[in-house]
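Next come the chains, spelled out residue by residue.
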Amino acid sequence: EDIQVVDSPTASSVEAHVDVVEELGSENLLHLTIGGDIDIVARVNEAIRPELDDRIQIEFPEERVCLFAADGETIKFREAPTRDAYPSTQVQNEP
């Protein structure tokens, strides 16, 4: 859910192959492959609708990434979310 779809390549984006698009109404789930062997699922706003087999650019916002060493030790915690900064992620409005 913290993955951003960007319009064009940037210094921090990676290319992803679109394997499946699940349209769920207020959000879409994008089943993606990165580098030919890394499978991920991105939850995005309903306005983001790539076609099957498209190649899209995605970014992982640095402040939302968690990093772990090979032994499982935490290297970096992610910061608290600020959804307003990420228009391509689905924002859940609470009643």
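Residues numbered from 1 in each chain as written. Predicted model: local features only at pLDDT ≥ 70, side-chain atom pairs only at ≥ 80, totals over all residues. Heavy atoms only, no water.

> Account for the nonpolar core, naming residues and giving values.
By size, the foremost hydrophobic cluster in this structure holds 12 residues: I3, A16, V18, L30, L32, I34, I40, A42, V44, I48, I56 and I58. Mapped by element, the contributors of at least two residues to this core are β2 (14-23), β3 (27-34), β4 (38-45) and β5 (55-59). Beyond its immediate chain neighbours, meaning those up to four positions away, I56 contacts V5, V14, E15, A16, V18, L30, L32 and P50. (Core = buried A, V, L, I, M, F, W, Y, C linked by side-chain atoms within 4.5 Å. Buried < 20%, exposed > 50% of the residue type's maximum accessible area, 1.4 Å probe, protein only. Helix = DSSP H or I, 4+ residues; strand = E, 2+ residues; numbered from the N terminus. Contact = heavy atoms within 4.5 Å.)

> Residues and numbers for the pattern of salt bridges, please.
Scanning the entire structure with this criterion turns up 2 salt bridges. A salt bridge links E15 to R55; the shortest N-O distance between them is 3.9 Å. Here E15, found in strand β2, pairs with R55, found in strand β5; they are 40 residues apart in sequence, far enough to count as distant. On the basis of relative accessibility, which here comes to 55%, the residue R55 falls in the exposed class. With a shortest N-O distance of 3.8 Å, E27 and R43 are connected by a salt bridge. Here E27 is found in strand β3, whereas its partner R43 is found in strand β4, with 16 residues between them in sequence. (Salt bridge = Lys/Arg side-chain N within 4 Å of Asp/Glu carboxyl O.)

> Before we move on, can you summarise the sheet that holds β4 with the specific residues and values?
Sheet architecture is open: 5 strands sit in the order β1-β5-β2-β3-β4, paired in antiparallel fashion. Both edges of this open sheet fall to β1 (4-6) and β4, since each of them pairs with a single strand only. Averaged over all pairs of adjacent strands, the angle between strand axes in this sheet comes to 50°, irrespective of strand direction. Bridging between β1 and β5 involves 3 bridges; their strand directions are antiparallel. Bridge assignment links Q4 to a residue of β5, and that residue is E59. (Pairing = 2+ DSSP bridges. Axes fitted to C-alpha atoms, helices over the stretch in contact; angles between N-to-C directions.)

> I'd like to hear about the pairing of β5, residue by residue, with values.
The side chains of a regular strand alternate between both faces of the sheet. Taken across its 5 residues, β5 has 4 buried, putting it largely inside the fold. Inspection of the sheet shows β2 paired to β5 by 4 bridges, in the antiparallel sense. Bridge pairing links A16 to I56 in β5.

> Would you mind going over the environment of E51 in detail, with residue names and values included?
With respect to the secondary-structure elements, E51 resides in the loop between β4 and β5. Residue classification places E51 among the exposed positions, given a relative accessible area of 55%. Sequence separation between E51 and D19 is 32 residues, and the spatial gap between their C-alpha atoms is 9.0 Å.

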